[in-house]
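If you want the building blocks of each chain, they are given just below.
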Amino acid sequence: MNILFCGDVMGRPGREAVKTHVPALRRSLALDLVVVNAENAAHGFGLTGRLCAELYESGVDILTTGNHAWDQRELISYIDGDPCVLRPANFPPGTPGAGWRLHPVSGGRQVLVINLMGRLFMDALDDPFARLDAILADYPLGAGVATILVDFHAEASSEKMALGHFADGRVSAVFGTHTHVPTADAQILPGGTAYQTDAGMCGDYDSVIGLQKAPAVRRFVTKMPGERPQVADGEATLCGILLETDDRGLARRVEPVRIGGRLAQHPPQR
Ligand SMILES: [Fe+2]
Ligand SMILES: [Fe+2]
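The rules we used
- Residues numbered from 1 in each chain as written.
- Chains lettered and ligands numbered in written order.
- Predicted model: local features only at pLDDT ≥ 70, side-chain atom pairs only at ≥ 80, totals over all residues.
- Heavy atoms only, no water.
- Pairing = 2+ DSSP bridges.
- Helix = DSSP H or I, 4+ residues; strand = E, 2+ residues; numbered from the N terminus.
- Axes fitted to C-alpha atoms, helices over the stretch in contact; angles between N-to-C directions.
- Contact = heavy atoms within 4.5 Å.
- Donors = N, O, S within 2.8 Å, 3.2 Å for Na, K, Ca; no water.
- Tetrahedral: all angles 85-135°; square planar, octahedral: opposite > 155°, others 65-115°.
- Buried < 20%, exposed > 50% of the residue type's maximum accessible area, 1.4 Å probe, protein only.
- Polar contact = N/O pair within 3.5 Å; in protein donor to acceptor, adjacent residues only side chain to side chain.

A. Quick look at the sheet that holds strand 1 (residues 2-6). What the five strands build is an open sheet, ordered 3-2-1-10-11; its pairing is mixed. In this open sheet, the two strands that pair with only one neighbour each are strand 3 (62-64) and strand 11 (251-259). Recorded for the sheet is a direction-independent mean angle of 20° between the axes of neighbouring strands. Taken together, the five bridges between strand 1 and strand 10 (residues 238-245) define a ladder with antiparallel strand orientation. Among the inter-strand pairings, Leu4 is bridged to a residue of strand 10, identified as Leu242. Across the face of the sheet, helix 1 (residues 11-28) comes into contact with strand 1, strand 2 (33-37), strand 10 and strand 11 while running at roughly 25° to strand 10.

Printed below as a string of structure tokens:
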């Protein structure tokens, strides 16, 4: 199975990059599934129903989120009506929406997409490790689940690596999001799980994590609150990861994808 996972889509430039590149990648790579983290799709802060539709139209199947999930309040009432939008599965019980989805793909197969959030240098949440165990107890890899993809939305690379090893051999891939910078550690762990600490953002890299650089720098220099941060509006780099899984649902290939914008280019090889 071929899956493209893209990191945090940052405002309009990020959405444009998805719209520009994903349809062609879908065809050329014969993708079975496209998952993007959309927590920053609305001007850098949250996600709306209209933007969900826009991303689906661009060829995306599943939208994950993170700490910015509720920045646009309309998503709170929207999310229960759209099972393809996920919020972290370790949000407290009773939170609207779902943290995982069993999604049908071609050939009668099913992919399990799980969204989790870290706890190191982030808001207090339920244990993501225990939550993952509980989900995998109900839906183990193999028994009707062809592939399992985990978006671990977390700040600390240590917590992300630990979750990768914790899940090694039990899921197809653990890919990190949230830091908005792609890491150079794409690999297949010893047990067969693909791993990359952060997928990077789909956004303008002439910025401070996707926000306009001058006000962001000023805030660090003066320590004074400034105006509301605005998304940097130059051409975005689409940052993602291409995953190929085998018949057991383990990783056969994992490769970073970087197209457009300022970052060194890494178009996927067929
Ligand atoms: Fe983000
Ligand atoms: Fe985030």
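What follows continues from the structure just given.
B. Inspection of the coordination of the iron ion (ligand 1) at higher detail. The iron ion (ligand 1) binds to the protein through Asp8 (OD), Glu39 (OE), Asn40 (OD1) and His180 (NE2); the donor distances cover 2.0 to 2.2 Å. Around the iron ion (ligand 1), the four donor atoms are arranged such that angles at the metal cover 87 to 169°; this shape is classified as irregular. In primary-sequence terms, the residues that donate to the iron ion (ligand 1) follow D-x30-E-N-x139-H. Taken as a pair, the iron ion (ligand 1) and the iron ion (ligand 2) show a spacing of 3.4 Å, with Glu39 coordinating each metal. Of the two residues, Asp8 is situated in the loop between strand 1 and helix 1 and Asn40 in the loop between strand 2 and helix 2 (49-57); the sequence distance between them amounts to 32 residues.

C. The side chain of Asn90, seen in detail. Secondary-structure assignment places Asn90 in the loop between helix 3 (74-78) and strand 4 (100-105). Accessibility expressed as a relative area gives 0% for Asn90, which makes it buried. Of the polar contacts made by the side chain of Asn90, one reaches the backbone oxygen of Met117; its length is 2.8 Å. At 2.9 Å, the side chain of Asn90 forms a polar contact with the backbone oxygen of Asp126. In this view, Asn90 contacts Leu116, Met117, Leu125, Asp126, Asp127, Pro128 and Arg131; residues no more than four positions away in its chain are not counted.

D. Quick peek at unusual backbone geometry. One non-glycine residue, Ala30, adopts positive backbone phi at about 50°. Along the chain, Ala30 turns up in the loop between helix 1 and strand 2. The phi dihedral of Phe121 falls on the positive side, at around 60°, and the residue is not glycine. Take Phe121: it is sitting in the loop between strand 5 (109-117) and helix 4 (128-138). Residue Phe121 is classed as exposed on the basis of its relative accessible area of 67%.

E. Quick peek at the pairing of strand 10. Counting buried positions along strand 10 yields eight of eight residues, so the element is predominantly enclosed. Judged by which residues are buried, strand 10 turns out to be covered on both faces: Leu238, Gly240, Leu242 and Glu244 on one side and Cys239, Ile241, Leu243 and Thr245 on the other are all buried. Here strand 10 pairs with strand 11 via eight bridges, running antiparallel. Bridging from a neighbouring strand, Leu242 pairs with Glu255 of strand 11. The antiparallel pairing of strand 10 with strand 11 creates a hairpin that spans five residues between the two strands, and Gly249 there sits at a positive phi of about 90°.

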